[in-house]
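Listed below are the residues making up each chain.
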Amino acid sequence: NVDSDDYIALDFLETIYAAIMQSDADIIAIDHIFVSEEGKKVGSYRNPLDAGVYKGEIVEQLKDRLLYDLNLPYSNYGCLSFSLCSKAIRKELYQPCQQGIPNGIRMGDDLAVSIPAISQANSLHMLRYEGYFYRQRKSSIIHTFDPNEIGRIELLVEYMKASIPQIPEKNMAGYIINLVMDYISKAAATLTCYREFADHIREKCLPMVRPALSVFCHKGLRITDRVKLWCLRKRMWRIFWWLYRNR
């Protein structure tokens, strides 16, 4: 999938085709480059998963790490990007996942296709190649705050639990905590009154994140992420307010 405002390298199709011919994998995954609205490179995304072809028991083991990878020393969204633009997925896996997404899912629709598809794959080829150019826009839904978003997050989480029930509870908890952390950061950056922010987070986020906090455990997590997690457990909303409004 190539979004209308993104673009690909001249050798993109032949590179993906060569990978398909080489490994015959169900999934081909690549890295990608971030560009500004003007098309200037501003960064890149390198998948934490090592390059190579994964089959059999090895590919089964990495499926636990798709939403949250406990092997990484930092808070994360799994060992592979959720984005469909950086994947070639076998049609027999892609179509049922794409057609089964609930209508209410807006943000997270790529994840709702890619992760269930990968969880059913028998093989995966991680290719260390940056051939997709993803344009970042300030008006994008992932950068804007919507007070109704928490309901859509709950819908997405319930759908993922039903679609990939084999994901371990701790990994699912880490994914939920990350979603709530991102929501809190956007709320703090947008709402102008601390009391409104604190009340909103207490009423909207706590009921959703409390069960996840009770089971989540990530040994070796870096200090900055441990501090944020401690603040979330202790409901230290003013620290989040100060942190996200002064970065």
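Refer to the structure above for everything that follows.
These numbers come from a predicted model, not from an experiment. (Residues numbered from 1 in each chain as written. Predicted model: local features only at pLDDT ≥ 70, side-chain atom pairs only at ≥ 80, totals over all residues. Heavy atoms only, no water.)

Asker: Could you clarify how one ought to interpret the pattern of salt bridges in this entry?
Answerer: Pairing between side chains of opposite charge can happen when the charged atoms of each approach one another. In total, this model carries 13 salt bridges according to the counting rule given. In this structure, Glu-60 engages Lys-63 in a salt bridge whose closest nitrogen and oxygen atoms are separated by 2.9 Å. The salt bridge involving Lys-186 is made with Glu-149; its shortest N-O contact spans 3.2 Å. Here the residue Lys-186 occupies a position in helix H6 (residues 169-190), and Glu-149 occupies one in helix H5 (residues 149-163), the gap between them amounting to 37 residues. For Glu-149, a relative accessible area of 5% puts it in the buried group. It is possible to trace a salt-bridge network through shared partners that takes in Asp-5, Glu-37 and Arg-137. (Salt bridge = Lys/Arg side-chain N within 4 Å of Asp/Glu carboxyl O. Helix = DSSP H or I, 4+ residues; strand = E, 2+ residues; numbered from the N terminus. Buried < 20%, exposed > 50% of the residue type's maximum accessible area, 1.4 Å probe, protein only.)

Asker: Even after reading the chapter, I still don't get the packing of aromatic side chains, so can you show me in this structure?
Answerer: Aromatic ring pairs are described here by two measures, namely the spacing of the ring centres and the angle between the planes. The full count for this structure, using the stated rule, is 13 aromatic pairs. A centroid spacing of 5.4 Å and a plane angle of 90° characterise the contact between Tyr-68 and Phe-216, whose relative ring orientation is edge-to-face. Note that Tyr-68 is positioned in the loop between helix H2 (56-62) and strand S5 (87-89) and Phe-216 in the loop between helix H8 (206-215) and helix H9 (223-234), a separation of 148 residues in sequence. A residue is classified by how much of its surface remains accessible, and Tyr-68, at 1% relative accessible area, is buried. With relative accessibility at 8%, the residue Phe-216 sits in the buried group. A centroid spacing of 5.8 Å and a plane angle of 70° characterise the contact between Tyr-77 and Phe-82, whose relative ring orientation is edge-to-face. Over the ring of Tyr-194 we find Arg-238; its NZ or CZ atom is 3.8 Å from the centre of that ring. (Phe/Tyr/Trp six-rings, centres within 6.5 Å; stacked < 30°, edge-to-face > 60°. Lys NZ or Arg CZ within 6 Å of the ring centre and 35° of its normal.)

Asker: I'm lost on the pairing of strand S3 (residues 41-45) in this one. Help?
Answerer: If a strand is regular, its side chains alternate between the two faces of the sheet. Sheet analysis places strand S2 (residues 27-35) next to S3, joined by four bridges and oriented antiparallel. Within S3, the position partnered with Phe-34 by the bridge is Gly-43. Linking S2 back to S3 in an antiparallel pair, the connection comprises five residues, with Gly-39 at a positive phi of about 95°. (Pairing = 2+ DSSP bridges.)

Asker: Looking at this model, I keep getting lost on a nonpolar patch on the surface. Mind explaining?
Answerer: Side chains of Tyr-17, Ile-20 and Met-21 sit close together on the surface and give an oily, nonpolar patch of about 310 Å² of accessible area. Relative to the elements of secondary structure, Ile-20 occurs in helix H1 (residues 12-23). The exposure class assigned to Ile-20 is partly exposed, which follows from its relative accessible area of 30%. (Patch = residues over 30% accessible without salt bridge, like charges linked within 9 Å, V, L, I, M, F, W, Y side chains within 5 Å. Areas by Shrake-Rupley, 256 points an atom, 1.4 Å probe, with all protein chains shown as cover.)

Asker: Is there a simple way to explain the nonpolar core in this structure?
Answerer: For soluble globular proteins, the rule of thumb is that nonpolar side chains tend to be buried together. Counting 68 residues, the largest nonpolar core has Leu-67, Met-160, Ile-184, Phe-197 and Trp-237 as the members making the most contacts within it. Among the elements that take part in this core, H6 stands out by supplying 12 residues, more than any other. The residues contacting Trp-237, other than those within four sequence positions of it, are Ile-184, Tyr-194, Phe-197, Ala-198, Ile-201, Arg-202, Leu-206 and Leu-232. With 14 residues, the next largest nonpolar core counts Ala-19, Ala-25, Leu-127 and Tyr-129 among its residues. (Core = buried A, V, L, I, M, F, W, Y, C linked by side-chain atoms within 4.5 Å. Contact = heavy atoms within 4.5 Å.)

Asker: Got a minute to help me understand the side chain of Asp-31 in this structure?
Answerer: Along the chain, Asp-31 turns up in strand S2. Among the residues examined, Asp-31 registers a relative accessible area of 2% and is labelled buried. Looking at Asp-31, its side chain comes within polar contact range of the side chain of Arg-128, at 3.0 Å. Other than its neighbours up to four places away in sequence, Asp-31 contacts Tyr-45, Arg-46, Asn-47, Met-126, Leu-127, Arg-128, Tyr-129, Glu-130 and Gly-131. (Polar contact = N/O pair within 3.5 Å; in protein donor to acceptor, adjacent residues only side chain to side chain.)

Asker: What's the story with the state of the cysteines in this structure? I'm lost.
Answerer: The term disulfide refers to a covalent linkage connecting the sulfur atoms of a pair of cysteines. Within this structure, the stated rule accounts for zero disulfides. Cysteine Cys-97 is unpaired, with the sulfur of Cys-79 as its nearest cysteine sulfur at 17 Å. A relative accessible area of 6% means that Cys-97 is categorised as buried. Cys-231 supplies the cysteine sulfur nearest to Cys-217, a cysteine that is in no disulfide, at a spacing of 18 Å. Residue classification places Cys-217 among the partly exposed residues on the basis of a relative accessible area of 38%. (Disulfide = S-S within 2.5 Å.)

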